[in-house]
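# Understanding the architecture of this molecule
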Amino acid sequence: MAKKHILIVPGDGIGQEVTAVGKKVLDKIAARFNHEFTYDEALIGHVAIEATGDPLPAESLEKMRNSDAVLFGAVGHPKYDNDPSAKVRPEQGLLKMRKELGLYANLRPIKLFDELLGASSIKPEILKGADILFFRELTGDIYFGEKGRKNNGDTAYDVAEYSRYEVQRIGRKAFDAARTRRKKLVSVDKANVLESSRLWREEIQKLALEYPDVEVEYQFVDATAMILIKEPTRFDVVVTANLFGDILTDEASQIAGSMGMLASASIGDGTGVYEPIHGSAHDITGKGLANPMASVLSAALLLDISFGLKEESEAIISAIDQVLKKGFRTRDIADKTTDPSMILGTDAIGEEILKLL
Ligand code: IPM
Ligand code: MN
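Think of each chain on its own: its residues are numbered from 1, step by step along the sequence as written. Lettering of chains starts at A and numbering of ligands starts at 1, both following the order in which they are written. For a predicted model such as this one, the threshold for reporting local features is a pLDDT of at least 70, and the threshold for listing and counting side-chain atom pairs is 80 or more; totals across whole chains, interfaces and linings nevertheless cover every residue. Where side-chain values are given, they derive from all heavy atoms of the structure, hydrogens and water being excluded.

Rules: UniProt positions are given in the numbering used here, feature names are shortened, and annotations may be inferred rather than shown by experiment.
The name given to the protein chain in an unreviewed UniProt entry is 3-isopropylmalate dehydrogenase, with the source organism recorded as Aquirufa nivalisilvae. The protein chain has a UniProt comment under Pathway (unreviewed entry) that states "Amino-acid biosynthesis; L-leucine biosynthesis; L-leucine from 3-methyl-2-oxobutanoate: step 3/4." Database annotation for the protein chain, UniProt heading Sequence similarities (unreviewed entry): "Belongs to the isocitrate and isopropylmalate dehydrogenases family. LeuB type 1 subfamily."

This is the structure we're talking about:
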């Protein structure tokens, strides 16, 4: 029996709706496998700004540090997207959380459920068998380098920076994971142009000597963007910098049919944070339309990675698989062939998952 304290951090928009389903699934797992999970909640993002003026209040950070894992929703609000001059922004809360908790490795598994082969805009014969694990570096790069304005504010800059140490630690995680999978690693950079990418490549090449059993391929990010769509089955594990990883994983989400299916794990030195790769989606917030499966799959990653509860984690994945096999869909993964009566909202599909658990 495991006794664990889980912090629920719903954040903004559909983050609220989807983490509510994720939490119910965790509760069900606790009951079925006889574990004791306790919960608390904390604010981040726009809702935190509204309540406290701070996108990541000290109290939230403290609660994160003191929990065994965090189930996270999303941050963002359209109000800031159209106001580039806003000094305080929801995303700052997310970035600060990543930095403060030392969450340098963001794992984004791109796994296609068989039933969703037709939901993608990519041809099924190209997609079949695609199974990719992205390691996106999460606490460095252009996200965290010096930024500012010069020339009386008429020029702006963001510095992309990596240290050898930062590349090594994410590289090692990716190589270790490749060893447990199909032993293929693609390292993605822009070493033909960027100095930070040349250092990245040097360090991955050094690590490769320690992993002779892993086949390494080096790609420039523009080529990766193309190959992901042309030949997604060529990839096993992919390791890349923060910004490239951000962009490539949104692209790769289309392999899985929808952003609404993709979970992620952010891990580092302390508490792990588990979250959908999708954002706050204010266009559908409060309508009960959001696909909660990315949050439920994030809960599965949480159980596996932070608590070592493999069987429990697999029970969740299998429940989702069965719900899809039964023909249930949310709007984002439905296609022309879906019977409209099988298209369910957030809570209803959550109930179907819970029934199977
Ligand atoms: C993500 C998001 C964030 C990022 C935003 C909200 C700051 O797009 O988690 O992928 O760019 O990292
Ligand atoms: Mn993103």
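### Description of the packing of helix α7 (residues 164–180) against helix α8 (residues 195–210)
Which entries qualify depends on this criterion: To get an axis, a line is fitted to the C-alpha atoms, and for a helix only the part in contact is used. The angle between two axes follows their N-to-C directions and goes from 0 to 180 degrees. Helix and strand definitions here come from DSSP, where helices need a minimum of 4 consecutive H or I residues and strands a minimum of 2 consecutive E residues; each element is numbered from the N-terminal end. Each angle gets one of four labels, with under 35 degrees taken as roughly parallel, over 145 as roughly antiparallel, 65 to 115 as roughly perpendicular, and the rest as oblique. Here a crossing is called left-handed whenever its near helix is offset anticlockwise from the far helix by less than a right angle, and right-handed whenever the offset is clockwise. Only heavy atoms matter for contacts: two residues are in contact if any of them lie within 4.5 Å across the pair.
In the contact formed by α7 and α8, the axes pass within 9 Å of each other and the chain directions differ by 45°. The orientation of α7 with respect to α8, classified from their angle, is oblique. The crossing of α7 and α8 is right-handed. Every residue of α8 that contacts α7 at Arg164, Val167, Gln168, Ile170, Gly171, Arg172, Phe175 and Arg179 is listed here: Leu199, Trp200, Glu202, Glu203, Ile204, Lys206, Leu207, Ala208 and Glu210.

### Looking at the domain arrangement of the protein chain
How we decide: These domain limits were set by an automatic method or by a database of domain assignments. Put simply, buried area is how much 1.4 Å-probe accessible surface two parts lose in total, over both of them, once they are put together. Only one rule defines a salt bridge in this text: a Lys or Arg side-chain nitrogen within 4 Å of an Asp or Glu carboxyl oxygen.
Here the domain parsing of the protein chain yields domain 1 (1–104 + 268–357) and domain 2 (115–258). Computed from C-alpha coordinates alone, the two centres of domain 1 and domain 2 are separated by 24 Å. Contact with domain 1, which involves 12 residues of that partner, is made by 17 residues of domain 2. Among the residues of domain 1 in contact with domain 2, Arg98, Lys99 and Tyr104 are the three that bury the most area, contributing 44% of the side total. Put simply, domain 1 and domain 2 have 0 salt bridges between them.

### Things to note about the packing of aromatic side chains
Here the distance between the centres and the angle between the planes together describe a pair of aromatic rings. Rule in force here: In summary, the pairing rule links any two rings of Phe, Tyr or Trp, Trp by its six-membered ring, whose centres are within 6.5 Å, and it sorts them by plane angle into stacked for under 30 degrees, edge-to-face for over 60 and tilted for everything else. Burial classes follow relative accessibility: with a 1.4 Å probe on protein chains only, a residue under 20% of its type's maximum area counts as buried, one over 50% as exposed, and anything between as partly exposed.
Using the criterion set out here, one finds 3 aromatic pairs in the structure. Ring centres 5.9 Å apart and planes at 50° place the aromatic pair Phe37 and Phe307 in the tilted group. Here Phe37 is found in strand β2 (residues 36–41), whereas its partner Phe307 is found in the loop between α11 (293–306) and α12 (310–325), with 270 residues between them in sequence. According to the relative accessible area criterion, Phe37 is buried, its value standing at 9%. For Phe307, a relative accessible area of 11% gives the class buried.

### Quick notes on the sheet that holds strand β11 (residues 263–267)
Pairing between the strands of a sheet comes from backbone hydrogen bonds, and it takes one of two forms, parallel or antiparallel. The criterion, for reference: Each pair of strands is called paired provided DSSP finds at least two bridges between the two strands.
Sheet architecture is open: 10 strands sit in the order β2-β1-β3-β12-β11-β4-β5-β10-β8-β9, paired in mixed fashion. This sheet does not close on itself; its edge strands, each paired only once, are β2 and β9 (215–220). Across the sheet, the mean angle from the axis of one strand to that of its neighbour is 25°, orientation sign disregarded. Alignment of strand β3 (residues 69–74) against strand β12 (residues 272–276), held across 3 bridges, turns out to be parallel.

### Some details on the UniProt feature "domain: Isopropylmalate dehydrogenase-like" (unreviewed entry) in the protein chain
Per the UniProt record, the feature "domain: Isopropylmalate dehydrogenase-like" (unreviewed entry) sits at residues 5–353. The distance separating the terminal C-alpha atoms of residues 5–353 is 23 Å; by composition the span is 42% helix and 19% strand.

### Quick look at the site of ligand 1
What counts here: One heavy atom within 4 Å of a molecule or strand is enough for the residue carrying it to be called near that molecule or strand. Any pair of N or O atoms that falls within 3.5 Å is considered a polar contact. Within protein, one atom must be able to donate a hydrogen and the other to accept it, and sequence-neighbouring residues count only if both atoms are side-chain atoms. Accessible surface area values rest on a Shrake-Rupley calculation with a 1.4 Å probe, where residue burial reflects the displayed protein chains alone. Each residue is assigned to one class: nonpolar for Ala, Val, Leu, Ile, Met, Phe, Trp, Tyr, Cys and Pro, charged for Asp, Glu, Lys and Arg, and polar for all the others, Gly among them.
Inspection of the region around ligand 1 gives Glu91, Leu94, Arg98, Arg108, Arg136, Tyr143 and Asp246 as its neighbouring residues. Arg98 is positioned with one of its side-chain polar atoms (N or O) 2.7 Å from an oxygen atom of ligand 1. Within the side chain of Asp246, a nitrogen or oxygen atom sits 3.0 Å from an oxygen atom of ligand 1. A total of 320 Å² of accessible area belongs to ligand 1 in isolation, and the protein chains cover 77% of it. Taken together, the residues of the shell around ligand 1 break down into 2 nonpolar, no polar and 5 charged. Inspection of the shell around ligand 1 shows a minimum of three residues originating in each of domain 1 (1–104 + 268–357) and domain 2 (115–258).

### Considerations on the side chain of Glu166
Along the chain, the position of Glu166 falls in helix α7. Within the structure, the side chain of Glu166 is placed 2.9 Å from the backbone nitrogen of Ser163, a separation counted as a polar contact. Not counting the four nearest positions on each side in its chain, Glu166 is found in contact with Thr139, Gly140 and Glu161.

### A closer look at the environment of Asp176
Mapped onto the elements of the fold, Asp176 is located in helix α7. Owing to a relative accessible area of 39%, Asp176 belongs among the partly exposed residues under this scheme. As a C-alpha pair, Asp176 and Gly345 span 169 residues in sequence and 39 Å in three-dimensional space.

### A look at α7
Convention followed: In this analysis, the expected span of each helix is defined as 1.5 Å times one less than the number of residues it contains.
The end-to-end C-alpha distance of α7, which contains 17 residues, comes to 25 Å, matching closely the 24 Å that a straight helix rising 1.5 Å per residue would cover. Every buried residue of α7 is listed here: Glu166, Val167, Arg169, Ile170, Gly171, Ala174, Phe175, Ala177 and Ala178. Among the structural elements, β4 (105–111), β5 (131–137), β8 (184–189), α8, β9 and β10 (237–240) are those in contact with the buried residues of α7.

### Digging into the packing of helix α1 (residues 15–33) against α11
When two helices pack together, their arrangement is given by the angle between their axes and by how far apart the axes lie. In contact at an axis separation of 8 Å, α1 and α11 are set at 45° when each is read in the N-to-C sense. Relative to α11, α1 is oriented oblique. Like other packed secondary-structure pairs, α1 and α11 cross with a definite hand, here right-handed. Only Ser295, Val296, Ala299 and Leu303 of α11 make contact with α1, whose side of the interface consists of Val18, Thr19, Val21, Gly22, Val25, Leu26 and Ile29. Residue composition of the contact of α1 with α11, by class: 8 nonpolar, 3 polar and no charged.

### Observations concerning the side chain of Glu203
Tracing the sequence through the fold places Glu203 in helix α8. Side chain to side chain, Glu203 and Lys206 meet in a polar contact 2.7 Å long. When residues no more than four places from it in sequence are discounted, the contact partners of Glu203 are Arg164, Val167 and Gln168.

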